Amino acid sequence: MMPQSPALKLDWTGLLLALLLTLFIALPLLVVATWAFTEIWRYPSVIPQQFGLRFWSQTLARKDVWDALFLSLRLTATVTLLSAIICLPAAYAFARMRFPGRNILFLSFLASHAFPKFGLLVAIAGIFLQLGLISTFWGVVLIQLVGTLMLMIWIPVAAFQNVDRRMEEAARDAGATPLRVFWSITLPQAAPTISAALLLTFVGTFYETEGAWLIGAPEIRTMPVLMISFINNQIVVQYGAVLSVMLWVPSFAALMFARRVIGTGAFARGFGA
């Protein structure tokens, strides 16, 4: 009997790890989705005794759900707009200019992700308390803006670096002004990737929970914070499950779009700036 080759053993190991990872990710999602469409599920039954949409109508009839949804949309739109105004010019400068400390500054945008996030939020909360920003709309905007810096710098840097410089030079040779070159040549080529970065920023901000809870509570309750309160307070398990399923849809659509537009090498190209 011939021994198994190392490659075959490695393939089986990788397959097993992939199956385990899928199980750990998919099983909780499956349970939540089941609860969202369950009306009666009592121990020790393995499957629900009754399915239905009753809790969907009850959840959507709650005023606090709609208040949280509109507040989340306002917060997310504001944070995404401010992030674009601040980060896109900076990304263009990192992609096209050389200046002292450029690499250090570029890597510094990883700082918010390089340390335990909650500890950083607690330190910022102490500052915000002195400034009167706790439990305010703009306090949550500022704390969520910090979390957008890496996406809105690194991905647009890669987009601006991948613009065809020959087309820009040809336009300049034809007499186009720098502004016209940027508007007609640079921006159209970088726009799909920048759009994906904006979409990822919008979705990531919409689902941000720690900062919204720590800085915004008790006055500011976003959709994720409301969902967690439903589950923790055990008001009705199905309310939290319904909100969770509702929140999956835009996230999944945004990630699929961003993956198609950006591809897998965008972060690597940005890092190599």
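As the structure is a prediction and not an experimental result, all values here were calculated from the model.

Undergrad: Looking at this structure, I do not really get the nonpolar core. What am I missing?
TA: Note on soluble globular proteins: their nonpolar side chains tend to be buried together. By size, the foremost hydrophobic cluster in this structure holds 21 residues, and its most contacted members are Ile153 and Val157. Where this core is concerned, the elements lending two or more residues are α3 (63–96), α8 (149–161) and α10 (178–207). Top contributing element to this core by residue count: α8, with eight residues. Of all hydrophobic cores here, the second largest spans 17 residues; its members include Leu71, Ala125, Phe128 and Ile143.

Undergrad: Honestly, the confidence of the model for the protein in this entry has me stumped. Any pointers?
TA: For residues with low pLDDT, the predicted coordinates do not support detailed interpretation. With 88% of its residues at a pLDDT of at least 70, the protein reaches an overall mean of 81. The least confident element of the protein is helix α14 (residues 266–271), whose mean pLDDT is 46; the most confident is helix α7 (residues 137–146), at 92. For residues 266–273, every residue scores under 50 in pLDDT, and the model assigns this stretch 21 contacts once sequence neighbours within four places are set aside.

Undergrad: Could you clarify how one ought to interpret the side chain of Ser72 in this entry?
TA: Structurally, Ser72 can be placed in helix α3. The buried category is assigned to Ser72, whose relative accessible area is 1%. For Ser72, the side chain forms a polar contact with the main-chain nitrogen of Met223, separated by 2.8 Å. Residue contacts for Ser72: discarding those within four places in its chain leaves Phe206, Thr222, Met223 and Pro224.

Undergrad: I tried to follow α7 on my own but got confused; where do I start?
TA: Owing to its 3.6 residues per turn, the α-helix brings residues three or four apart onto one side. Counting buried residues along α7, seven of its 10 residues qualify, which places the element largely inside the surrounding structure. Within the span of α7, buried status applies to Phe137, Gly139, Val140, Val141, Ile143, Gln144 and Leu145. If you follow the buried residues of α7, they end up packed against α3, α6 (117–131), α8, α10 and α11 (210–216).

Definitions and limits used
Residues numbered from 1 in each chain as written. Predicted model: local features only at pLDDT ≥ 70, side-chain atom pairs only at ≥ 80, totals over all residues. Heavy atoms only, no water. Core = buried A, V, L, I, M, F, W, Y, C linked by side-chain atoms within 4.5 Å. Buried < 20%, exposed > 50% of the residue type's maximum accessible area, 1.4 Å probe, protein only. Helix = DSSP H or I, 4+ residues; strand = E, 2+ residues; numbered from the N terminus. pLDDT = per-residue confidence, 0-100. Contact = heavy atoms within 4.5 Å. Polar contact = N/O pair within 3.5 Å; in protein donor to acceptor, adjacent residues only side chain to side chain.

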